[in-house]
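Here are the chains, one letter per residue:
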Amino acid sequence: MTITFITGANKGLGRETARRLIESGHTVLVGARDREQGEEAAAALGARYVPIDVTDDASVAAAAADVAAHEGRIDVLINNAGVHGPAGDPGDLTAADARAVLDVNVIGVVRTTAAFLPLLRRSDDPAIVNVSSGMGSLALTHDPARPESRVIVPLYTSSKAALTMLTTQYAKGLKDIRVNAADPGYTATDLNGHSGFQTVTEGTDAIVALATEGPGAGTGRFVSRHGDIAWS
């Protein structure tokens, strides 16, 4: 049975991804910083809750140790936890704002991936799915026909651009693990005040597709629910 660990799985895209993967037969570990919300989500979904704060080295190490002690491995790591950060005038940004966003959206992925690599390498078919965004694509954010071009969210967009590049580097360097990025699209979640035009189920299509691919599927891809996105 495929064992999948999802960060930020207590709500939104993470929770819906967990629900769908459990439905498809995965054993899902709900990773969340908030214990009450994490335990509630796990109980409702039929999953196991694992406390994790992706901004804290000790918390991430403890989460990996917890999984090692209970499941012994994971087959899929879904780096889903993310924050939005300030919107609007970039002139109002502070260094503290930048640190807060990057520590979750980029450094948190590095921290979590490093801790869980030994568990992934115990799998016969390991995969990492990084939940990125078309908001980090230079091409999409410069296309007037795309909604991504009409939003000013400097730190979120920058962090997702960094995450997509990080994904390609992991894919090139980790020859034994499939590493891909998913663009959920503009989905109604807490992150955007539920303003997205997609349902949370539609928003998880790419994530679920990457998490359920079989052996031999490609690595180093950026995928939306409509197919592959060019790395630009």
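One can find the structure itself at the top, above this paragraph.
What counts and what doesn't
Residues numbered from 1 in each chain as written. Predicted model: local features only at pLDDT ≥ 70, side-chain atom pairs only at ≥ 80, totals over all residues. Heavy atoms only, no water. Helix = DSSP H or I, 4+ residues; strand = E, 2+ residues; numbered from the N terminus. Buried < 20%, exposed > 50% of the residue type's maximum accessible area, 1.4 Å probe, protein only. Contact = heavy atoms within 4.5 Å. Salt bridge = Lys/Arg side-chain N within 4 Å of Asp/Glu carboxyl O. Right-handed = clockwise from strand over helix to strand, strands pointing away. Pairing = 2+ DSSP bridges. Phe/Tyr/Trp six-rings, centres within 6.5 Å; stacked < 30°, edge-to-face > 60°. Axes fitted to C-alpha atoms, helices over the stretch in contact; angles between N-to-C directions. Parallel < 35°, antiparallel > 145°, perpendicular 65-115°, else oblique. Left-handed = near helix turned anticlockwise from the far one by under 90°. Nonpolar A, V, L, I, M, F, W, Y, C, P; charged D, E, K, R; others polar.

## Looking at the environment of Ala68
Alright, step 1. Checked against the element boundaries, Ala68 lands in helix H3 (residues 57-70).
Alright, step 2. The exposure class assigned to Ala68 is partly exposed, which follows from its relative accessible area of 32%.
Alright, step 3. Residues in contact with Ala68, not counting those within four places in the same chain, are Leu119 and Arg122.

## With respect to the pattern of salt bridges
Alright, step 1. One pass over the full model with this rule turns up 15 salt bridges.
Alright, step 2. Between Arg111 and Asp57 there is a salt bridge, and its shortest N-O distance comes to 2.5 Å. A residue pair is termed long-range when its members are at least 10 positions apart, and Arg111 in helix H5 (residues 107-120) and Asp57 in helix H3 qualify at 54 residues.
Alright, step 3. The class of Asp57 is exposed, set by a relative accessible area of 53%.
Alright, step 4. For the salt bridge of Asp205 with Arg225, the shortest nitrogen-to-oxygen distance reads 3.0 Å. Of this pair, Asp205 sits in helix H9 (residues 205-211) while Arg225 sits in the loop between strand E7 (222-224) and strand E8 (227-228), and the two are 20 residues apart along the sequence.
Alright, step 5. Judged by relative accessible area, Asp205 falls into the partly exposed class, the value being 23%.

## Some thoughts on the pairing of strand E1 (residues 3-6)
Alright, step 1. Alternating positions in E1 separate into two faces, Ile3 and Phe5 on one and Thr4 and Ile6 on the other, with burial throughout.
Alright, step 2. With helix H1 (residues 12-23) bridging E1 and its parallel neighbour strand E2 (residues 27-32), the resulting β-α-β unit is right-handed.
Alright, step 3. Pairing of E1 with strand E4 (residues 76-79), which is carried by 3 bridges, proceeds in the parallel orientation. When the sheet's bridge partners are listed, Ile6 is paired in E4 with Ile78.

## Considerations on the packing of aromatic side chains
Alright, step 1. Tallying each qualifying case throughout the model produces 1 aromatic pair.
Alright, step 2. Here the aromatic rings of Phe5 and Phe116 are separated by 4.6 Å at their centres, their planes lie at 35°, and the arrangement is tilted. Here Phe5, found in strand E1, pairs with Phe116, found in helix H5; they are 111 residues apart in sequence, far enough to count as distant. Phe116 carries the same exposure label as Phe5, and that label is buried.

## Focus on the packing of H3 against H5
Alright, step 1. At a minimum axis separation of 9 Å, H3 and H5 run at an interaxial angle of 20°. Here H5 runs roughly parallel to H3, going by the angle between their axes. Viewed along their axes, H3 and H5 form a crossing whose handedness is right-handed. Contacts between H3 and H5 involve Asp57, Val60, Ala63, Ala64, Val67 and Ala68 from the former and Arg111, Thr112, Ala115, Phe116 and Leu119 from the latter.
Alright, step 2. Per-class residue counts for the contact of H3 with H5 are 8 nonpolar, 1 polar and 2 charged.

## Looking at the packing of helix H4 (residues 95-105) against H5
Alright, step 1. The contact between H4 and H5 brings their axes to 3 Å, and the two run at 30°. For the element pair H4 / H5, the angle class is roughly parallel. Of the residues in H5, those in contact with Leu102, Asp103, Val104 and Asn105 of H4 are Ile107, Gly108, Val109 and Arg111.
Alright, step 2. Its residues assigned to classes, the contact of H4 with H5 comprises 4 nonpolar, 2 polar and 2 charged.

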